[in-house]
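Here's the letter readout for the chains.
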Amino acid sequence: MIFNDRKSLLYASPPQALIDAEDDWQIIARTPVNKKLIKRKVYKGTIRENGRDVHKIRDILCIIYHNKCAYCEAINCEPDVEHYRPQKGVTESKVHSGYYWLCYEWSNLIPSCADCNRPPGKGNKFPIMGVHETKPYFLPSGELDKDKCRADKSPLINEKPYLLHPEIDDCKQFFKFHADGRIEGIDSEGRGEATWKICNLNLETLLMARQSVLDDFVENIKILIVARRRNLLKTTNDFESALKLYFKKLDKLTQPNQAFSLIATYAREHFDEMIISLIKGDSYQNIISQAHKKYLNGTL
Ligand SMILES: [Zn+2]
């Protein structure tokens, strides 16, 4: 899970499909009874354009999130359009009707793969540290107060959700990784821990996928070690120059358009812990570690 500020820039305004649903939205927001009027086709619907089905909301979210699940970072070109605050009920509160008034709220819509979004993944889970908002706010005109529907503003932000929001929270600050691909929460409030548990981010398939990001990199380093031992890379300088090419590849893996970029970012910043530990016992450990330090400070 990584921070994504794109919605605050190019895509700050809601897509036309949500604007077109304005009248229905106003009616739905008036009472929880009206949540039965929520239409999935507003946020999941398609229109026919140039002979193909265009997903009005999903396609925009895919652009913003580089075709990745917002929670686990797996590449997914056909994600669910997930409601960050669940619209039809809240697992942690038997009396909560769900955030029905946020059904068509842009800041509440996030692309998510089925594993993260559907039970035993997130579902309707939405634990918070504060008090759940249970109903919307209205303007003196009687219209829904849209400003108070935004995930990044009061009163919703004051709920202090445990689940990180990829467009509000600097996700990187909340997690550490292990060389076997495991993700762990590290913040004192427990939000990182809660987020991986809510979205099931230590699912076996995710562990393997994240581990393979590291394994591929380590395998390449091991090949260079063999080349150096066989004198195919004749000097330490030759060895370091070859290493540099792979360090650059690791940099590329940290880019937001890459699957599981956060573990690559963590590995880059905790190189000894995540990479050197995987070539344990090798006499080249120290040379590689020092070379990476030189690379990071620009002297390699
Ligand atoms: Zn996912």
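See the structure printed just above.
The present account deals with the structure reproduced in this document. Fair warning: this is a prediction, and the values are worked out from it, not measured in the lab. Per chain, the residues get numbers from 1 upward, laid out in the order the sequence is written. Local features in this predicted model are restricted to residues whose pLDDT is 70 or higher, and side-chain atom pairs enter the listing and the counts only when it is 80 or higher, whereas totals over whole chains, interfaces and linings include all residues. The side-chain figures draw on all heavy atoms in the structure; neither hydrogens nor water molecules are used.

1. Section: the environment of K135
Put simply, DSSP marks the helices as runs of H or I at least four residues long and the strands as runs of E at least two long, and each gets a number from the N terminus on. Locating K135 in the fold gives a position in the loop between α5 (114–117) and β5 (175–177). The spatial distance from the C-alpha of K135 to the C-alpha of K249 is 49 Å, given a sequence separation of 114 residues. It only takes one pair of heavy atoms within 4.5 Å for two residues to be counted as in contact. With residues up to four places along the chain from it excluded, the contact list for K135 reads Y100 and W101.

2. Describing the packing of aromatic side chains
Centres within 6.5 Å are what make two rings of Phe, Tyr or Trp a pair, Trp counting through its six-membered ring; a difference in plane orientation under 30 degrees is then read as stacked, over 60 as edge-to-face, and the rest as tilted. Counting across every chain of the model gives 10 aromatic pairs. Here Y99 and W101 contribute two aromatic rings whose centre-to-centre distance is 5.4 Å and whose plane-to-plane angle is 50°, an arrangement assigned as tilted. Take W101: its relative accessible area is 1%, and that puts it in the buried class. Ring centres of F247 and F271 lie 5.6 Å apart, and the angle between their planes is 85°; this geometry places the pair in the edge-to-face category. Taken as a pair, F247 in helix α8 (residues 236–253) and F271 in helix α10 (residues 271–274) lie far apart in primary sequence, 24 residues in all. In terms of burial, F247 and F271 fall into one category: buried. Classification of residues uses two cut-offs on accessible area relative to the type maximum, computed with a 1.4 Å probe and protein chains only: under 20% is buried, over 50% is exposed, and between them is partly exposed.

3. Details of the coordination of the zinc ion
Here the term donor refers to an N, O or S atom within 2.8 Å of the metal (or 3.2 Å for Na, K and Ca), and because water is left out of the atoms, sites may appear incomplete. Looking at the zinc ion, the protein donor atoms are C69 (SG), C72 (SG), C113 (SG) and C116 (SG), and they sit 2.3 to 2.4 Å from it. The sequence pattern formed by the donor residues of the zinc ion is C-x2-C-x40-C-x2-C. Highlighted residues: C69 in the loop between α4 (58–64) and β3 (80–83) and C113 in the loop between β4 (109–112) and α5, separated in sequence by 44 residues. For C69, a relative accessible area of 2% puts it in the buried group.

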